[in-house]
Amino acid sequence: MNWVVKCCFFLGVTTVLCSLDFNYHDNKAVENYLKDINKNYSSITYLHSIGSSVAGNQLWVLVIGLNPSKHMIGIPEMKYVANMHGNEVVGRELMLHLIEFLVTSYKNDTGISLLINSTRIHIMPSMNPDGFDASVPDCYGTTGRTNKNGYDLNRNFPDAFDLNPDPIQPETRAVMDWIKNETFVLSANFHGGAVVASYPYDNGNSGNKGISPDNDFFKNIATLYATKHTNMYKGVECPNMASFPGGITNGYQWYSVRGGMQDYNYIYGQCFEITIEISCCKYPNESTLSQHWNDNKVSLIEYMAQVHSGIKGRVFDKLGNPISGAIVEVNNRKHVKPYKTNSNGEYYLLLLPGVYTFSVSASDVSILQTINVTKNQNFYALKHDFSLNLPTSSVNSHLQVCTLLSFLSTILVIFST
């Protein structure tokens, strides 16, 4: 296999994998690598494809966690996505090395063990494998940037502030469905061409000027990534580009992006995402990859831990049944699309420590409650459940309908045999 170095050996019946080499890996090599990681660390990994590209390449995601194959109540989900622009390739390799670091450190590093045991981590090395196939080593060019149909995937999502007339591409649709089907709380996507952590909004209007309701938290996590990076915080100045003080920027104030994935995650997916530009050169010589890994390693780990910030919990009715679709928001911090509980009645809100008044509502019943949100302890956000004075019938009517339909379906099957 071309993704491991020659020193790999066997210990009894257990394969011991040596360090992943610092070279660029084509799509087949990435697939083989992920499959072998999944095989050798099957207890903490789950490999699946969320869809396929225009050319039929699979969009692979490796999930790492204590129970990686499905969501568990109270365990937040976070994700990393790289290579959205096919010619911006460093992030793709960083994701492979991050995977290796996490699985090999599990049970050997207390901090990594706690992180994996308390988080469900999703890593997509390449969102645009067709673009990668078409790309060429070039620092500032655009060959391979788009998907095979010629669309920029970071301009292809529905936009809350502007009509996006472009047809949604297979890669975009796969990610949208992925976001819909999971309870993502925190995310980052990786690009090249600058060295900066950019935070929402990427688009905006005259009313908000690109500033989101959670601007304080976004600036905090962008600053955290930049300061844990070897030099991003210094305001690296790339050719033909101004430097960024502190290594961070508001996306809209840098330049507006219609149809960006970052805003889609935040507005429609209830998932806080920032965009991380990790190299001035989009497709640098592979001799630089080890340095890029060393530059970003601590930032990547520290950023993941921020998914345990703020507050989490569930919303119940007066009989203790979970309420799905209940709105849970902080007063004076209303989102474009109200943040709602998932099918388990869970909510996750990323907040800096402080005192907040929460508005919780469902079926025309609402409550206000003031809570002191403290700093997370040992990868565990403050847990607080809310209770609404709702009758079970109004909360679970949709479940009753589903049960009735299932019963009728069973009766029809019986009478048809």
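Structure first, text after, so check above.
Calculation notes
- Residues numbered from 1 in each chain as written.
- Predicted model: local features only at pLDDT ≥ 70, side-chain atom pairs only at ≥ 80, totals over all residues.
- Heavy atoms only, no water.
- Axes fitted to C-alpha atoms, helices over the stretch in contact; angles between N-to-C directions.
- Helix = DSSP H or I, 4+ residues; strand = E, 2+ residues; numbered from the N terminus.
- Parallel < 35°, antiparallel > 145°, perpendicular 65-115°, else oblique.
- Contact = heavy atoms within 4.5 Å.
- Nonpolar A, V, L, I, M, F, W, Y, C, P; charged D, E, K, R; others polar.
- Phe/Tyr/Trp six-rings, centres within 6.5 Å; stacked < 30°, edge-to-face > 60°.
- Buried < 20%, exposed > 50% of the residue type's maximum accessible area, 1.4 Å probe, protein only.
- Lys NZ or Arg CZ within 6 Å of the ring centre and 35° of its normal.
- Pairing = 2+ DSSP bridges.
- Disulfide = S-S within 2.5 Å.
- Salt bridge = Lys/Arg side-chain N within 4 Å of Asp/Glu carboxyl O.

S.K.: Where do I start with the packing of helix H2 (residues 90–105) against helix H3 (residues 110–118) in this structure?
M.R.: Two quantities define a packed helix pair, namely the angle between the helix axes and the distance between the axes. Contact geometry for H2 and H3: axes closest at 9 Å, N-to-C directions at 100°. In terms of axis orientation, H2 runs roughly perpendicular to H3. Listed contacts from H3 to Phe101, Leu102 and Ser105 of H2 are Ile112, Ser113 and Ile116. Considering only residue class, the contact of H2 with H3 consists of four nonpolar, two polar and no charged.

S.K.: Got a minute to help me understand the packing of aromatic side chains in this structure?
M.R.: How two aromatic rings sit relative to each other is given by the distance of their centres and the angle of their planes. Under the definition given, this model contains 19 aromatic pairs. With a centroid separation of 4.9 Å and 65° between ring planes, the pair formed by Tyr24 and Tyr283 is classed as edge-to-face. Here Tyr24, found in the loop between strand E2 (14–16) and helix H1 (27–40), pairs with Tyr283, found in the loop between strand E10 (272–279) and helix H9 (289–305); they are 259 residues apart in sequence, far enough to count as distant. As far as the burial class goes, Tyr24 and Tyr283 line up, both buried. Seen from their ring centres, Trp254 and Tyr255 are 5.0 Å apart, and the 75° between their planes marks the pair as edge-to-face. For Tyr255, a relative accessible area of 38% gives the class partly exposed. In this structure an aromatic cluster arises from ring pairing among Phe161, Tyr201, Phe217, Phe218, Tyr266 and Phe272. When the ring centre of Phe184 is taken as reference, the NZ or CZ atom of Lys79 above it lies at 5.4 Å. When the ring centre of Tyr380 is taken as reference, the NZ or CZ atom of Lys312 above it lies at 4.0 Å.

S.K.: Please clarify how the sheet that holds strand E7 (residues 184–191) should be interpreted in this entry.
M.R.: Strand pairing in a sheet relies on backbone hydrogen bonds. The paired strands run either parallel or antiparallel. Across the sheet, which stays open at both edges, the eight strands sit in the order E3-E4-E6-E5-E7-E10-E8-E9 with mixed pairing between neighbours. Sheet topology places strand E3 (45–52) and strand E9 (248–250) at the edges, where each strand pairs with a single neighbour. When the angles between neighbouring strand axes are averaged without regard to direction, this sheet yields 20°. Bridge count between strand E4 (residues 58–64) and strand E6 (residues 120–124): three bridges; the pairing is antiparallel. Looking across to E6, one finds that Leu62 is bridged to Ile123. Sheet strands in contact with helix H5 (residues 170–181) are E3, E4, strand E5 (77–82), E6 and E7, and its direction is about 135° off that of E3. Helix H6 (residues 215–228) contacts E7, strand E8 (194–199), E9 and E10 of the sheet and is inclined by roughly 30° relative to E10.

S.K.: Any chance you could explain the state of the cysteines here in plain terms?
M.R.: Chemically, a disulfide is nothing more than a covalent bond linking the sulfur atoms of two cysteines. Tallied over the full model, the rule gives two disulfides. Here Cys139 connects covalently by a disulfide to Cys281, the sulfurs 2.0 Å from one another. A torsion of -90° about the S-S bond marks the disulfide between Cys139 and Cys281 as left-handed. Placement of the pair is Cys139 in the loop between helix H4 (129–134) and H5 and Cys281 in the loop between E10 and H9, with a sequence separation of 142 residues. You can call Cys139 partly exposed: its relative accessible area is 26%. Through a disulfide, Cys238 is tied to Cys280; the S-S separation comes to 1.9 Å. Around the S-S axis, the bridge from Cys238 to Cys280 shows a dihedral of about -75° and counts as left-handed. Of this pair, Cys238 sits in the loop between H6 and E9 while Cys280 sits in the loop between E10 and H9, and the two are 42 residues apart along the sequence. For Cys238, a relative accessible area of 4% puts it in the buried group. On the basis of relative accessible area, Cys280 is assigned to the buried category, the value being 19%.

S.K.: Would you mind going over the pattern of salt bridges with me for this structure?
M.R.: Between side chains of opposite charge, pairing is possible as soon as their charged atoms come close. The final tally for this structure, using the stated rule, is eleven salt bridges. A salt bridge links Glu31 to Lys35; the shortest N-O distance between them is 2.7 Å. Taken together, the positions of Glu31 and Lys35, both in helix H1 and four residues apart, correspond to about one turn of that helix. Residue classification places Lys35 among the partly exposed residues on the basis of a relative accessible area of 38%. Across the pair Asp385 and Lys383 runs a salt bridge, and its minimum N-O distance is 3.0 Å. Taking relative accessible area as the criterion, Lys383 reaches 47% and is therefore assigned partly exposed. Shared partners join several salt bridges into a network, and the residues in it are Glu88, Arg145, Asp152 and Arg155.

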